[in-house]
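Coordinate analysis (summary)
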Amino acid sequence: MASNKKYWRSVEELKSDNSLVEHLGQKEFLEEIPTETFLGAKENLSNSSTSRRDFLKYVGFTTVAASLAACEGPVLKTIPYVVKPENIIPGVANFYASSMSDGDGFANILVKVREGRPIKIEPNKMAGNWGASSARVQASVLSLYDNNRLRGPLADGKETDWSSLDKKAIDTLNTLKANNEKIVVLSGSTASPTSKKVIAEFAQSFGNVQHVVYDALSESPALDAFETMYGQRALPNYKFENAKLIVSIGADFLGDWQGGQYSAAYAKGRIPVKGNMSKHLQIESNLSLSGANADLRIPVKPSEQIFALINLYNAVTGSNFASKPTPADAAIKKIAIQLKKAGSQAVVITGIQNKEAQILANALNEALQSEVYDLTAPRLIKAGNDVAVKNLVDEMAAGKIGALLIYNANPSYSLPNASVFNEALKKVKFLVCFSMSDDETAQKSQFVAATPHYLESWGDTQFQAAKFGLMQPTINPLFNTRQFEESLLTWMGQNKTYYQALRDYWTTSILNGSSWNQALHDGVFNGNNELKLTKNSIDVATSAAALLSQTKSGDFELNLYAKISMGDGKQANNPWLQELPDPITRTSWDNYITISAADAKKLGLENFNVSNGALNGSKVNLKVKEVVLNEVPVYIQPGQANGSIGLALGYGRSAGMQTEMMTGLNAFALLQDFNPFQTVSVEKVAGIHEFACVQLQHTIMGRDEIIKETTLDDFINKPKNEWNKTPEFSLNHEEVSAERVDLWEKFDDTVGPHFNLSIDLATCTGCAACIVACHAENNVPVVGKREIRVSRDMHWLRIDRYYTSDMTNEKAKEEGIFGTGEMFNTMTIPSENPQVAFQPVMCQHCNHAPCETVCPVAATSHSRQGQNHMAYNRCIGTRYCANNCPYKVRRFNWFKYANNNEFDFNMNNDLGKMVLNPDVVVRSRGVMEKCTMCLQKTQLSILTAKKEGRPVKDEEFQTACSSACPTGAMVFGDVNDKQSEVALITEDERAFHLLAEVGTKPNVFYHLKVRNTEAS
Amino acid sequence: MKSVIKHSLFNKLTTLSFALIFLINIGVSAQNGDPVKGKELFNANCAACHKLDAKLIGPALANVADRRSNKWLKAWIKDNNALRATGDADAKAIFEEFNGMPMMTFPQLSEKDIDDLIAYTSVKPQEAVASTTAAAVDPRVAEGKQLFQANCAACHKLEAKLIGPALAHVADRRSKEWLHAWIKDNNALRATGDADAKAIFEQFNGMPMMAFPQLSTDDIDKIIAYTSYDEPKAVVAPLNAEASNIAKPKTSTTWMSVIIGLVLLSFIVWIYLKSNNGFLKIVATIFLLFGVAYAGFAALFEVGIDTDYQPIQPIQFSHKIHAGDNKIDCQYCHSSAKHSKTSGIPSLNVCMNCHKSIAEYNGPVTSDKDKAFYDGEIQKIYDAIGWDKANLVYKANYEQVPVKWVLVHNLADFAYFNHSQHVTVAGITCQTCHGPVQEMEEVKQFTKLTMGWCITCHKTTEVKLEGNGYYNAIHDQLSKKYGIQKVTEAQMGGLECGKCHY
C-alpha cells in the first residue's frame, strides 16, 4: 500500500548504522552546550582570578548599569512631507500594476507600495497565467534596493554626468554613421514592443545598425525550429491545463524552460478530481523540479535523451529513423501507446537545446494533432539568437564593429567564450554598457550608462501576440539613472521621454481606441494583434539524421541547468535568492555538480555529515574540451542518471556585487556552443567542500510518516480509509479517530473568523515562490551560509522534500529481510530513481499547541481566530517551545541580524532596509519567532471591512504564501464562513492533518498527493 | 516637565527619593484651596447659575471671599436654607435681592471642595478686560465690518495684500464717488476709460474684480467707514496669570511634603540613635523597609512612562489657538487618523490652506508670547515651504525643508496601534487618549501609554455592534449562542497578544 512507503530526505537516513541520524531523531541540536569545558575542570575554576564574590559584584554592577542606562528615553523626530502627494496616506499601502520582463522572469504583477517605497510583489490576477509569481519575481523587489547598484553614469570607471556622456555618444555615433561603420545593439530579451520600436528607429537614424538579442539561458534552437516550421521567430504555447498526458524529454517546464510560467496551467490539470487528472512522464538526466513532480520519471544520460526522442518519434509515427538504444526503450514503447491513445490531449516537449530535436518534438505534436500544442498564440518572450551572437563576436574580433551598446545582458560573464569576447571588446571603438551594477561587462566598458530597476521604469510587455502588459515606475529613481530607451531617444535627437514614446506607440498601435489609463490601471491589455504563421513543409527524416550525427556520447555527460533561485545570475546579489534552498538538493549559497551514487562510488567521491549535522562533500575538476573548471563541489543526488552530471549556471559572479554573494563557480564557460549537453571528464581532487544544506535539519523525532500520498487508482476505486486513514486511538475500549480524542477542552472559535490554511500536495510543485514571499512580507532575516550550515536558518516556511521508494516494512517482512541490512540496502537501490514529494511546512497553528503549554512566560498563546500568537517582546528565549514543537517550525534569533556587520545582508544597509514591511516587527536577538499566518494581513482585512461596515469577502483573506502560490495549492480563509473556499475543502477526502495522532488539532491541513501511476 | 531630554536619570532618582517622602506624607493635606480643581467644581456645580464677572441667575462670584467669610460661605453653599433659617441677615438679604428664589443646596461638596471653589473665584478673571474695549464703536463701523466680511474678505484684507490690494484707509487714496462706481461695477468704470481703474486692472495681471451691484451706496459707505476705522489694539493681560497662580499652591504642597518627610525621617533617625525602645526600632525598621520597597517599585514602574512629556517643538504650534479658539476639527489636519494606523502629522501644504491668507496672529496674547512671537512662528512655515507673503506666491526653485517635529507620543515599536480602528470603527474622540488638546498651548503626553492603560480600556469599552455590517453576523451568533447583547473589546479577543504584537 502506497501510504506505507518509507520516506527519507537524505541517503544518510537509510544507512542502518548511522548514529548521527539516530541522534538527530532524538535531539534537535547536535552539539551540547559546552558547559563541561569551563565548569568541569575544577582546578581551572579554583585558580581563576575572578572569585565568586567578584563575579557577583560584576553581575550586580552590570545589572544596575544596564537598568540605569535604560532610563533615558529616546527623543524621536517625526517628519511629515512638505507637500504630501495626494494619493499617499502614510500607513496605507497603494498597489500599482506593473510587469517584470528582464529575460529571466516574465510576469504581470502588482506592486505594493508604502509611503512611496515598493515593498512586495503580488501576482496580478487579471493577467491569468502570466500573473503567476515565481521566487525570482517575488525577490526582484529586493534587487531594487541593492546596495551595489550604480549611482550614476561612468566614463572609464570614473563618475561622469549625462550631458557629457550624451555629447560624446552623439558625436561618436554621428562620426560612425558618416563612415558607415557598424553599430550593434546587444540586448537581452525584454519582450517589449516599444523598446523594439525605439531600437528600430535608432537603427533608421544611424543607418548601419544591427540589433542582436542575446539570452544567457537561450532558447535559440526552439526559436530556430519554430521559424523554420512556421516562419516566425516565436515559441509555441502549451496549454497544459488541457493535457491528459504530458511527456517531457529533458524539459524542466516547471522551472525555466522556454521562459517558464507554465506551472499554473500544469497545476490546473493535476487536481485529482475523480478520473480527471493529467499524467506526466519525464525522461531526463538531472532530477529537475518537473521530474520531481512527474508520475513516472526515467533517468537517462543527456545523449540518451536525444536517442529517446528519436525512438519515441519512431514508435509513435511508425517511422524508422536511425537511432541508438537507450535504457528507456521499453518504457518508450509503452509511452508511445499511451500517447496514441491520448491523441490530441497528449503533448511531447523537449528541453534538448538542438534545433533538430525541437523540430522533431514539434512534428511529433503535429502528428498527434495535439491541442495542448497551441499555435494560435505563440509566446514572444525569449528571443535570443545564438548564431547572431557568435557572428557578432567574430565581427568584433575582426574589428568590424564601430559601436556596441549592451543592454540587459552581461556577456563578459555569461558567454561561453567570454575571454574571446573580452579581447574582442577592446577592438570596439565606442562601447557603452547599460547596466544597473558595475558588473563584469560594465567593468570592461568605456562608458557605463546606469539604468534604473524595472520598478523605477516605464515599459511594456508582449508575452503573446495579443497579451500586452505595462510597466510603470512605482518609486522615484533612487539614483542618477536613465532608461536605455531614453538614452537612445536622446542620442537620435528625438526630444521626448520614453514615457511619451511608450504612450504614443500604445495609442497608435496597441490600444485601438481603448483607454490608456484603464490599461495602466489594469497593467494588462488584451489586444487583437495576431502573429501570422505560414506553415512550411519540413523533412523530419533529415532532421532526425542531423540530430543523430550531431550527438556525441561519453563516459560522463554534463547537463547544465538553471536553478529556480539564481536563474542566469542577474539577481545573484540578492540575498533572499542566495539563501533560498534549492527545492531538490535543499542546498543554498552554492552550485555544485550533482552525480549519481553509483558514479560517485566509482570515482571515490563522497558526501558526509559532520558532527554538527552539516554536509561536506568531495571536489572534482571538470574538463569540457579544453576548458577546465577547478574544484567543483560534489553533491550525490538520488535520481541523477548514471553517467550524467548536473551543474547549475548563474553562480560565480565576481563583479558589481558584495563579496558575501560571490558564491559558487561560473559554469557558463562549459556551455560551449550554447549547448548544455557536453561530454566531460571528471577528476577527483583533494579537498572538502562545506555545503549549506538543510536536508537533515528539523527532524521530526523519527515520525517519518508525516507525508501521505496515494495512487490515482486507489483514490478513485478504494474507500478513503484505505488510502487516507486517520489514526485511531482507544477511548473507552473503543477505537475512535484520533481527531476525536482530546485531553483538552475545546476552544470556542465559532464567533468571528477562524483561519485555516490548506495545502494541496498534489499541485504543490515545490517552486519556492512562497518562501521568498514570506521573506518579503514578514521581514525574515537572511543569516548566511555559515549559519545555515549549523541549522540556524530562519525561514518561517520550509518546503520539505521527501524521497521514497517501493520498499516498505511490510514488503520486507514478506520477503523475510525485515530489519536486516539487506532491507536497508534494497531501500537504497531505488534511491537511484526515487519518487519525490514536496511538503511546505510552516507553523501549524495548533488549536492545542504544545509550544504554548511549555512557555514559562506565556509569550506564545492561542487566539480565537485560530492563529498561534507569538509576543516577541515577552519572549525570554528559553527555546522550550521549539523543543516541544512536533513540526519543528519555530526559529530562534541566535543573533541580532539587523544592523550587524557580521550579517552584512539587506538589513545592514539603509538601502536594503527600505524593503522592510513597516507593519511587522524586526525581531531582536534572543527571541523565538515563527509563522504568524500573516496576522498583519488578516487584521488589515478585518479592519478594512469594519471601516466599510461590511463582512469580509473570502478572497480578502490571504497569507503571503497563499497569495504568491502560482498553482493555487495554498488556500487560506475563514472556516467559519461556510461559503469560503477553504471551508468547502476541509471535508475533502484527501484532507489530513500533519501528525494527527499527536492531537494538536492544527489549523493548517494538507491534501494528500495523488500519483497518476495506474497501469496503462 | 518641559525639556529636550525625555526623562533624565536625575528625575528618576528624585522621584525615587521623593516617593518615599510622599508615602510618609499620606493624609497630610494642604490648607490652601486648589483653583484648578475649583474650576472643575465651579463648572460642574455653579456655572449653571453663576458667572464670575457678571450676574446671571445668581450674583457674580468673583472675589466673593472678599465680601463673605470662609465659614459663612461653607454654610451657605452646603445648605443656604438652613443658614437662612438660623436668621442670618446676609442670607436673608440675598434671598430677597433675588426675589425669593432659593439657591440649590450642595451637601455633597466637602469643605475642601469649597476651599477649592473659593480659590478659583479669588483669581481675577481676565477675559472681562478684553471684552469691554470693543464696546464703544460707531454702529456704522460694526455694520461695515459685517458687510466687509460677507462680500470683500474672500479677496481683501485690511492690512495686507491678498488676492486684491489691502483696503485699510482706502478712502484716503480714492474719492468716495470713485469707490462707489468701482465697487458697483468696476468693468463699467474701466470701460469709461478711467485711468486709475485701468492701472489697478493691469497691476493685478488683468484679473477683474467681481461686480457688486447689490450693494447700496449706504452699504459701501459703511464698508468705507469700517476700512477707515483703526481698531484699538486690545490690551490683554497675560493669560498665564491664571496658570502661574495655579502653580504656586502646588509647589508649596510639595515643599510641605518635603518638610514633613524630613521631619519624619529625622524622627526615625532619632529613634535609631537615641531611643532605647527596641520595639520602636523594629517598627521603624519595618516602616523604613516597606517604605523603600514601595517607593523603589513605584519608581521602577515609572521607567519608560512619559506622561506629561512636553518636548520643545521646532515651531511652537498652539493647539489651543487652532483647535480651541478657532475650533478647527482635529481631523482637518490629522486627516489620516480615520484611514491609517498613523494619525499623520499634517504636511505643510495643509498649514498653507489657511496660512496663505493668515499671515499674522490677532488673537489674545500673553506676556511671554506676544503677537510678534506668534507671527514669527507662522513665518517659520513660510520659510520651510518657501512662501512669499508679500507677493502671495510660492518662491520659484526654493529648497523646501520639512519641519522636524519631535514625536510626543512614542509607542514602543513592538506594539501595533491603529488610529483608524479607534477613530473610525469605535468612534472614540481624540481627547479620550490625548487629553484636552484644545486647551494645550503646547502638546504634552496626557496618558501613560502603557499596556495596562490599553487593557483597562479594552476591558471596559463595549464594542459598538449596532450599525456596522461587519458585526451583524457576530452579533447574531453572540445573541443566539450566549444571549449576549453587549460585549467588551476584551471579550471580542482584544486582549490577545497577537492583536497588537506582530
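Quick look at the structure, then.

1. What about empty space enclosed by the protein?
All names here are of chain A. Scanning all chains against the criterion turns up 16 cavities of 30 Å³ or more. Of the voids in this model, the largest cavity is the one considered here, and its volume is about 870 Å³. Taken together, 48 residues make up the lining of the largest cavity; nearest its centre are Asp102, Asn408, Met436, Thr451 and Lys570. Roughly 670 Å³ of volume is contained in the second largest cavity. Taken together, 38 residues line the second largest cavity, and the ones lying closest to its centre are Asp252, Asn559, Leu560, Tyr561 and Ala562. Breaking the lining of the second largest cavity down by element, the ones donating at least two residues are strand 12 (279-284) and strand 22 (556-562). At four residues, the largest contribution of residues to the lining of the second largest cavity is made by strand 22. Considering only residue class, the lining of the second largest cavity consists of 17 nonpolar, 14 polar and seven charged.

2. As for the sheet that holds strand 12 of chain A
Residue and element names in this part refer to chain A. Sheet architecture is open: four strands sit in the order 13-12-11-14, paired in parallel fashion. At either end of the open sheet lies a strand with only one pairing partner, and these are strand 13 (296-299) and strand 14 (346-350). Strand after strand, the sheet turns through a mean of 10° between neighbouring axes, direction not considered.

3. Quick notes on helix 16 (residues 418-425) of chain A
The periodicity of an α-helix, 3.6 residues per turn, causes residues three or four positions apart to be oriented the same way. Residue and element names in this part refer to chain A. Every buried residue of helix 16 is listed here: Ala418, Phe421, Asn422, Ala424 and Leu425. Down the axis of helix 16, the buried set is contained in an arc of 165°. They therefore lie on one face. Close packing links the buried residues of helix 16 with helix 14 (386-397), strand 16 (401-407), helix 15 (411-414) and strand 17 (430-435).

4. Observations concerning the pairing of strand 14 of chain A
Residues and elements named next belong to chain A. Burial within strand 14 is extensive, with five of its five residues counted as buried. Relative to strand 14, strand 11 (residues 245-249) is paired through five bridges, and the arrangement is parallel. Pairing of Leu245 across the sheet is with Ala346, part of strand 14.

5. What to know about the nonpolar core
Most often, soluble globular proteins have nonpolar side chains that are buried together. Residues and elements named next belong to chain A. Counting 145 residues, the largest nonpolar core has Tyr238, Phe240, Phe253, Trp576, Leu757 and Met970 as its most contacted members. Those residues within four positions of Met970 in sequence are excluded, and the remaining contacts are Leu757, Ser758, Ile759, Cys770, Leu797, Pro840, Met842, Cys961, Ser962 and Cys965. In terms of nonpolar packing, the next biggest core, distinct from the first, is built from 48 residues, Phe421, Leu431, Leu605 and Phe668 among them.

6. A look at the packing of aromatic side chains
Inspection of the entire model under this criterion finds 46 aromatic pairs over all chains. Here the aromatic rings of Tyr592(A) and Tyr635(A) are separated by 5.4 Å at their centres, their planes lie at 35°, and the arrangement is tilted. Residue Tyr592(A) is found in the loop between strand 23 (587-588) and strand 24 (593-595), and its partner Tyr635(A) is found in strand 27 (residues 627-636); the two are separated by 43 residues along the sequence. Ring pairing ties together the aromatic residues Tyr238(A), Phe240(A), Phe253(A), Trp257(A), Tyr262(A), Tyr266(A) and Tyr373(A), which thus form one cluster. Lying over the aromatic face of Tyr413(A), Arg653(A) brings its terminal NZ or CZ to 5.7 Å of the ring centre. Sitting over the ring of Phe201(B), Arg190(B) keeps its end group 3.8 Å from the ring centre.

7. Overview of the interface of chain A and chain B
In this assembly, 52 residues from chain A lie in contact with 56 residues from chain B. Taking both partners together, chain A and chain B bury about 4,500 Å²; carbon and sulfur atoms supply 62% of that area. In this structure, Asp919(A) engages Lys341(B) in a salt bridge whose closest nitrogen and oxygen atoms are separated by 2.8 Å. Joining chain A to chain B, the criterion identifies 18 residue pairs in polar contact (both at pLDDT 80 or more). Broken down by secondary-structure element, the contributors of at least two residues to the side of chain A that touches chain B are strand 2 (77-78), strand 37 (860-862), strand 38 (868-870) and helix 32 (935-948) of chain A. Across the side of chain A that touches chain B, the residue classes break down as 28 nonpolar, 14 polar and ten charged. Pairing of strand 2 of chain A with strand 3 (residues 405-406) of chain B, which is carried by two bridges, proceeds in the antiparallel orientation. Bridged to Lys77(A) within strand 3 of chain B is Val406(B).

Conventions used here
- Residues numbered from 1 in each chain as written.
- Chains lettered and ligands numbered in written order.
- Predicted model: local features only at pLDDT ≥ 70, side-chain atom pairs only at ≥ 80, totals over all residues.
- Heavy atoms only, no water.
- 1 Å grid on protein atoms, 1.4 Å probe; cavity = no way out; pocket = protein on both sides within 12 Å on 5 of 7 lines; lining within 4 Å.
- Points joined across faces, edges and corners; volume = space filled by probe spheres on them.
- Helix = DSSP H or I, 4+ residues; strand = E, 2+ residues; numbered from the N terminus.
- Nonpolar A, V, L, I, M, F, W, Y, C, P; charged D, E, K, R; others polar.
- Pairing = 2+ DSSP bridges.
- Axes fitted to C-alpha atoms, helices over the stretch in contact; angles between N-to-C directions.
- Buried < 20%, exposed > 50% of the residue type's maximum accessible area, 1.4 Å probe, protein only.
- Arc of directions from axis to C-beta.
- Contact = heavy atoms within 4.5 Å.
- Core = buried A, V, L, I, M, F, W, Y, C linked by side-chain atoms within 4.5 Å.
- Phe/Tyr/Trp six-rings, centres within 6.5 Å; stacked < 30°, edge-to-face > 60°.
- Lys NZ or Arg CZ within 6 Å of the ring centre and 35° of its normal.
- Buried area = accessible area lost by both parts, 1.4 Å probe.
- Salt bridge = Lys/Arg side-chain N within 4 Å of Asp/Glu carboxyl O.
- Polar contact = N/O pair within 3.5 Å; in protein donor to acceptor, adjacent residues only side chain to side chain.

In short, geometric facts, not functional conclusions.
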